[in-house]
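If you want the building blocks of each chain, they are given just below.
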Amino acid sequence: MNRRDFIRRSAIGALAAGTAGQVAAGGRDPREKQPNILILQPDQHAGAVLGIAGHPDVQTPNLDRLAANGVRFAESIANAPLCTPWRGMCQTGVYWHSHGAHRNNVRLREDLPGFAESFARAGYATGYIGKWHLDGGIPELQPGGFVPPSRRKGWQEWLGHEKGHDFDTVWKTTGPGERRRVSDYEWEPQWHTDKALDFARRNGKNDTPWLYYVAYGPPHDPEEVPSRFSARYPKDELTLNALQQSWAQAYAPPEKSLNLDSRIRSLLQTYYAQVTAIDEEVGRLVRGLKAMGQLDNTIILYTSDHGDHLGTHLSGNNLNLTLPDGTPMLRGKASPFSLAFKTPMIWYAPGRFKPQCHEDTFFQTADIPSTLLDLAGLQIPSRMQGVSMKPWLDGQNGPRQDSAYLGVNERGWRGIYDGRFVYSPNFAYQGAPGVLYDIQEDPLQVYNRFPERNLRLLLHDQLVSLAEQTGDGPMTASLKDMVLH
C-alpha cells in the first residue's frame, strides 16, 4: 500500500471522526515480550550532519555505529520543518495543518490523543523529558514552563517543560510558575541521559515494558557546549561548502565591517561540537542499557524535528531577517531547503533489524507514531495520517511514498519534494515568488528553476493533489487559484 492510497482511503474522514475506529497493526506474537522503546530527538539536527551520511568534519561515532548496525533512512522528511508543527505531527500522526499546533507557540488540539496514550493503555510505563513546545509556548501562559497533566498526551512520568533553551544551566520544572536548579549538572543533556537510564532501570526491575522520549535541546541555539567538544573542531580546519564560501567572500573585510567567514566557522564549530556531545550521550545510553541487560529488548529511534541552514541559505526563512549589523542571519529552518527538511532517521534493535540503509524510501514525520505502535504490536488509530514503516525495518517491502508534502503556516508556504525536485510556488526567495530546485543535480539548491513553466506546472498539479489528500482545505483552494504564468 502506498501513502497516497492510505491517505485517500482513511485520513480525511477519520480525522473528522476524532478517535473513532481502529486499524489493526501488523501484529505481534502474544508470546513475545513487548519491546522497550527509547526515542531520542535532539532539536535542529540536520540529516546531512552525520559521519555515516558522508559529512567531511562532524564526528558521530556512536550514531554511526547504531546506523551501521541498524536501519537508516537517508530520505527522512520533516514535513513541517519547525519545532511546534513537527512535534504535533510526531505526537499525533496528524498533519500540521489539522492538529492545531500549526505554527510555533500554538497549542495542540486537546481532542487529539497522542501515541503514548495507546502505549499506556497497553501496560507500558511512559516517560518524557525535555522541551515539549505544544502547549502554547508563551511564558506568560505557562510560568516556569509547566504543562498540566491533562495536556501531556499519555506521558505519565513527566520531566518536560513547555519551551526554553538553557543548556549550561539545568532546570527542573516542578509546578505552575515553579522550577528549581538541578545543581549536580552543568550540561542539560547529561541530566536527560541519566534520567532516561534511571527510568529504564526502575521499570526493568519490575519487568514492565517502557516507552521513554528524550527531547534533547542541542544543537538548537544558544551556542553552548562543553569546551572539550569545541576543541575537536579547530575553526580554521573546517570545510565550507561552495555557498558558505560565497557568502563569506561577499561579506569579507574591508568591504564590510564584519568577517562573515569567521562567523560561519564559529557557528559550525559550536554546532558540530553540540552534535558530537549528543552523540556521546547516545553512547552512554547504549552502554547503560547493555549493562542492565535491557539492550537486546529495546528499540532505539534517533531523529530530529528539523535541520538548520548553517550559513548556506542566508535569510532563507522567507522573512529576510538580518542581524543588528545588517548582515543576514546564518541560521534558519521552516523552509523548502533540504538542510531544513531532511533529518536523521536511525532505528536500532540488536538481533531484530537487519542492518541496511534505505537511500530512496521516504520516511515522513506522520509515519513515526504508526511505526512505533506497529513495532509494539499495538493498533494504529485510524485518525493517524501516516503509515507504518515496520515492513522496511523488518527487511521486507513496505509502503512506497512517491512524494512528500511540505509546508509551514508560520511562513505561509506549501511545497512538494519527490526525491529529486523540491518545489514551492509561494516561498519567496531572493526576488523570485517561488522556488524549484533539482536536488540531484544541484544539491546545494543554488539554481532556481522556477521560471521553467512546464516543469513547474507538473509539480504544481502534484502539490494540489497532496494538499487535497492530506486535508489541507483552505490551502488547497489557494493553490488551485494560483495563476502560474
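Before reading further, recall that the structure is shown in the block above.
Everything quoted here is computed from the prediction, not taken from an experiment.

Caption draft 1: Quick peek at the sheet that holds strand β11 (residues 345-348). With mixed pairing, the eight strands of this open sheet are ordered in space as β6-β5-β9-β2-β10-β11-β3-β12. Every interior strand has two partners, whereas the edge strands, β6 (157-161) and β12 (356-358), have only one. Strand-to-strand twist of the sheet, defined as the mean angle between neighbouring strand axes without regard to direction, takes the value 10°. Here strand β5 (residues 125-131) pairs with β6 via five bridges, running parallel. Residue pairing in the sheet places glycine 127 in a bridge with glutamate 157 of β6. Running at roughly 180° to strand β9 (residues 210-215), helix α5 (residues 188-205) makes contact with β5, β6 and β9 of the sheet.

Caption draft 2: Summary view of the side chain of lysine 342. Mapped onto the secondary structure, lysine 342 falls in the loop between α9 (338-341) and β11. A polar atom in the side chain of lysine 342 sits 3.1 Å from the side chain of tyrosine 417. In this view, lysine 342 contacts Ala46, Gly47, Glu75, Ser76, Ile77 and Tyr417; residues no more than four positions away in its chain are not counted.

Caption draft 3: Here's a closer look at the pairing of strand β16 (residues 413-417). Burial analysis of β16 places five of its five residues in the buried class, which makes it a mostly covered element. Along β16, one buried face is formed by Trp413, Gly415 and Tyr417 and the opposite face, lined by Arg414 and Ile416, is buried too. By the bridge criterion, five bridges tie strand β15 (residues 404-408) to β16 in an arrangement that is antiparallel. From the neighbouring strand, tyrosine 405 faces β16, where its bridge partner is isoleucine 416. As consecutive antiparallel partners, β15 and β16 are separated by four residues, and within that stretch glycine 412 has a phi angle of approximately 70°, a positive value. In this sheet, strand β17 (residues 421-424) lies alongside β16 in antiparallel orientation, the contact comprising two bridges. Across the sheet, residue tyrosine 417 finds its bridge partner in β17, namely valine 422.

Caption draft 4: Inspection of unusual backbone geometry at higher detail. Residue proline 219 follows proline 218 across a cis peptide bond; omega there is 10°. Topologically, proline 219 is positioned in the loop between β9 and α6 (227-230). Cis geometry marks the peptide bond from aspartate 221 to proline 222, where omega comes out at 10°. Looking at the secondary structure, you find proline 222 in the loop between β9 and α6. Residues other than glycine seldom take positive phi values, yet glutamine 44 does so here, at roughly 80°. With respect to the secondary-structure elements, glutamine 44 resides in the loop between β2 (36-40) and α2 (61-68). Look at glutamine 44 and you get buried, because its relative accessible area is 4%.

Caption draft 5: Local environment of the pattern of salt bridges. Enumeration over the complete set of coordinates arrives at 22 salt bridges. For aspartate 111, the salt bridge goes to arginine 109, with nearest N and O atoms at 2.8 Å. Among the residues examined, aspartate 111 registers a relative accessible area of 46% and is labelled partly exposed. Owing to a relative accessible area of 23%, arginine 109 belongs among the partly exposed residues under this scheme. The salt bridge involving arginine 449 is made with glutamate 452; its shortest N-O contact spans 2.8 Å. Connected through shared salt-bridge partners, Asp43, Arg87, Lys131 and Asp305 make up one network.

Reading the values: the criteria
All residue numbers here refer to positions counted from 1 along the written sequence of the relevant chain. Only residues with pLDDT of 70 or above have their local features reported here, since the model is predicted, and side-chain atom pairs are shown and tallied only from 80 upward, although totals for entire chains, interfaces and linings are computed over all residues. Side-chain descriptors were evaluated using all non-hydrogen atoms of the structure, hydrogens and water having been removed beforehand. Any two strands with at least two DSSP bridges between them are considered paired. What counts as a helix is a DSSP run of H or I of at least four residues, what counts as a strand is a run of E of at least two, and both are numbered from the N terminus. Note on geometry: axes are lines fitted to C-alpha atoms, helical ones only across the stretch in contact, with angles between N-to-C directions running from 0 to 180 degrees. Here a residue-residue contact requires only that any non-hydrogen atoms of the pair lie within 4.5 Å. Counting of polar contacts relies on pairs of N or O atoms within 3.5 Å, with two restrictions inside protein: one atom must be capable of donating a hydrogen and the other of accepting it, and residues adjacent in sequence are counted only when both atoms are side-chain atoms. In this scheme, a residue with accessible area under 20% of its type's maximum is buried, one over 50% is exposed, and one in between is partly exposed, where area comes from a 1.4 Å probe on protein chains only. Any carboxyl oxygen of Asp or Glu within 4 Å of a side-chain nitrogen of Lys or Arg constitutes a salt bridge here.

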